[in-house]
Amino acid sequence: MTEKTAKKFKSGFVTMWGRPNVGKSTLLNTLVGEKVAIVSPRPQTTRNRIMGICEVDEGQIVFLDTPGILKKPKQKLDEYLVKSARTCLRDADVVLFVVDATTQPHGDDRRAAKLLRPLKKNILLVINKIDITDISHLEERIDEFKQLGDFTGGVAVSATNRININMLIDKIIDLLPENPAYYPEGTITDQQDKLTIAEIIREQVLLVVRQEVPHGVAVVINELTPRSNKLTYISASIFVEKPTHKQIIVGESGKMLKEIGKISRENIQKFLGTKVYLDLWVKLVKNWRKDENALRRFGYK
Ligand SMILES: Nc1nc2c(ncn2[C@@H]2O[C@H](COP(=O)(O)OP(=O)(O)OP(=O)(O)O)[C@@H](O)[C@H]2O)c(=O)[nH]1
Ligand SMILES: [Mg+2]
């Protein structure tokens, strides 16, 4: 038995929950201390359950990031997102209900809170983005959000500016059961490199393309081959659901695709620690978000 398991070591699963765009993935990255989840100003950025681990002296916290809960699933992809988010709730020892302090609670916050009500779990209310919240409204906001559920406790934080993050970690540790670590020390995520790289590319599409195209975009890595210690060859396909979307992503004389490729390559190089040759393809699969086979092919099953 290691020293850590002999002491009162705590370990458990903590699920991020809340409407889109409140900063769940940003908070996950801050808590883990590494970028494991992509982030963008567009709602519904997260599609997969993303796991990230935070280690402190008192224990190991396994965070599960979820897609922001959707109004009513319209497509097969939305059904998958809701199902995968709900599975993460079932597995949680503690739930973080994340809200955005810059706006009053709205319908989507209420809907997300309602789904927590039947659960017999410890739920912490995490009021995020206090770095850009008018302080004179903060107390009032906190009271409004408290009405949404029966919370074990709460904390106001800024995920981007690391405000009150250690306080949040302490509160989580308090609520976790005594357990040996679930994962070997030093583990950050269980995500495969191919998925991380596909997500890095999808993040660039979300950040660079202005139109409504990104919601219909999926990225798949076709090939990832180390050519030497210093160079990795990657071929990736960006799938779109309409011919017009293909034109937008490629852009005039391929300008848009070049921009997506350039920043993606830089970020993938940082992630892999090698130079990267990135081959990007844009492909059309009509209405793939409604197509079970396509969803499976793109990793959403
Ligand atoms: N100023 C400020 N912005 C933040 C903070 N946390 C997140 N953001 C921004 O809010 C936007 C949404 O962040 P995400 O982390 O993608 O939000 P999410 O809740 O994971 O969204 P979905 O995956 O769509 O459910 C991004 O532009 C972030 O940079 C914060 O503490 N302060
Ligand atoms: Mg997210």
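Here the structure is shown first, and the text comes after it.
Sequence positions are assigned chain by chain, starting from 1 and proceeding in written order. A letter from A marks each chain and a number from 1 marks each ligand, given out in the order of writing. Reporting in this predicted model follows two pLDDT cut-offs: at least 70 for local features of residues, and 80 or more for side-chain atom pairs to be given and counted; totals over whole chains, interfaces and linings ignore these cut-offs and use all residues. Computation of side-chain values: all heavy atoms of the structure, hydrogens and water removed.

Colleague: In this structure, what is going on with the coordination of the magnesium ion (ligand 2)? I would like to understand it.
Modeller: For the magnesium ion (ligand 2), the protein coordination sphere consists of Ser25 (OG) and Thr46 (OG1), at 2.0 to 2.1 Å. Here Thr46 lies in the loop between α2 (24–32) and β2 (50–56) and Ser25 lies in helix α2, a separation of 21 residues in the sequence. Each residue is assigned to one of three classes by its accessible area relative to the maximum for its type, calculated with a 1.4 Å probe on protein chains only: buried under 20%, partly exposed between the two thresholds, exposed over 50%. Taking relative accessible area as the criterion, Thr46 reaches 9% and is therefore assigned buried. For Na, K and Ca the donor cutoff is 3.2 Å, while for all other metals N, O and S atoms count as donors only within 2.8 Å; water does not appear among the atoms, so some sites may look incomplete. Strands here mean DSSP runs of E at least two residues long; helices mean DSSP runs of H or I at least four residues long; both are numbered from the N terminus.

Colleague: Please explain the sheet that holds strand β5 (residues 122–128) as it appears in this structure.
Modeller: With mixed pairing, 6 strands are arranged side by side in an open sheet as β2-β3-β1-β4-β5-β6. The sheet is open, and its two edges are formed by β2 and β6 (153–156), each paired on a single side. The sheet shows a mean angle of 25° between the axes of neighbouring strands, direction not considered. The criterion for strand pairing is that DSSP finds at least two bridges linking the strands in question. Here 6 bridges tie strand β1 (residues 10–17) to strand β3 (residues 59–65), and the two strands are oriented parallel to one another. Among the inter-strand pairings, Phe13 is bridged to a residue of β3, identified as Val62. Packing against the sheet, helix α3 (residues 76–90) makes contact with β1, β3 and β4 (94–100), and its axis sits at approximately 150° to β1. We call two residues in contact when some of their heavy atoms are within 4.5 Å. Angles shown run from 0 to 180 degrees and are taken between the N-to-C directions of axes, each axis being a line fitted to C-alpha atoms and, for helices, limited to the stretch in contact. This element, helix α5 (residues 135–146), spans β4, β5 and β6 of the sheet and lies at about 150° to β5.

Colleague: Would you mind going over the pairing of strand β8 (residues 231–240) with me for this structure?
Modeller: If a strand is regular, its side chains alternate between the two faces of the sheet. Of all 10 residues that make up β8, 9 are buried, and the element is covered over most of its length. As paired strands, strand β7 (residues 218–226) and β8 are joined by 8 bridges and run antiparallel to one another. The residue bridging Thr225 from the neighbouring strand is Tyr233, located in β8. Linkage of β7 to β8, two consecutive antiparallel strands, is achieved through a turn of 4 residues.

Colleague: Hey, could you run me through the sheet that holds strand β9 (residues 275–284) in this one?
Modeller: Through backbone hydrogen bonds, the strands of a sheet pair up, either in parallel or in antiparallel fashion. Taken in spatial order, the 3 strands of this open sheet run β7-β8-β9, and their pairing is mixed. The strands lining the two open edges of the sheet, one partner per strand, are β7 and β9. Within this sheet the neighbouring strands show an average axis-to-axis angle of 15°, counted without direction.

Colleague: It is not clear to me how helix α9 (residues 255–272) should be interpreted in this structure. Could you clarify?
Modeller: The periodicity of an α-helix, 3.6 residues per turn, causes residues three or four positions apart to be oriented the same way. Here, expected helix span is obtained from the residue count minus one, scaled by 1.5 Å. Under the 1.5 Å per step criterion, the end-to-end length of α9 is 25 Å for 18 residues, consistent within 8% with the ideal 26 Å. At the C-terminal side of α9, Gly273 shows a positive phi close to 75°.

Colleague: Please explain the packing of helix α7 (residues 193–208) against α9 as it appears in this structure.
Modeller: The relative placement of two packed helices comes down to the angle between their axes together with the axis-to-axis distance. Running from amino to carboxyl end, α7 crosses α9 at an angle of 140°, the nearest separation of the two axes being 9 Å. Judged on the interaxial angle alone, α9 and α7 are oblique. Crossing angle aside, the handedness with which α7 passes α9 is right-handed. Residues Asp193, Thr196, Ile197, Ile200, Ile201, Gln204, Val205 and Val208 of α7 touch α9, and the partners they reach there are Met256, Glu259, Ile260, Ile263, Ser264, Asn267, Ile268, Phe271 and Leu272. Ten residue types, Ala, Val, Leu, Ile, Met, Phe, Trp, Tyr, Cys and Pro, are classed as nonpolar, four, Asp, Glu, Lys and Arg, as charged, and the remainder, Gly among them, as polar. The residue inventory of the contact of α7 with α9, partitioned by class, reads 11 nonpolar, 4 polar and 2 charged. Any angle between 65 and 115 degrees counts as roughly perpendicular, while under 35 counts as roughly parallel, over 145 as roughly antiparallel, and the rest as oblique. By the definition used in this description, the sense in which the near helix is turned from the far one sets the handedness, with an anticlockwise turn below a right angle giving left-handed and a clockwise turn giving right-handed.

Colleague: Teacher, can you tell me more about the pattern of salt bridges here?
Modeller: Two side chains that carry opposite charge are able to pair once their charged atoms sit near each other. Salt bridges are identified by distance alone: a Lys or Arg side-chain nitrogen within 4 Å of an Asp or Glu carboxyl oxygen. Summed over all chains, the structure comprises 11 salt bridges. Where Lys129 meets Asp100, a salt bridge forms, and the shortest distance between an N and an O atom there is 3.4 Å. Taken together, the residues Lys129 in the loop between β5 and α5 and Asp100 in strand β4 connect sequence positions 29 residues apart. Judged by its relative accessible area of 21%, Lys129 is partly exposed.

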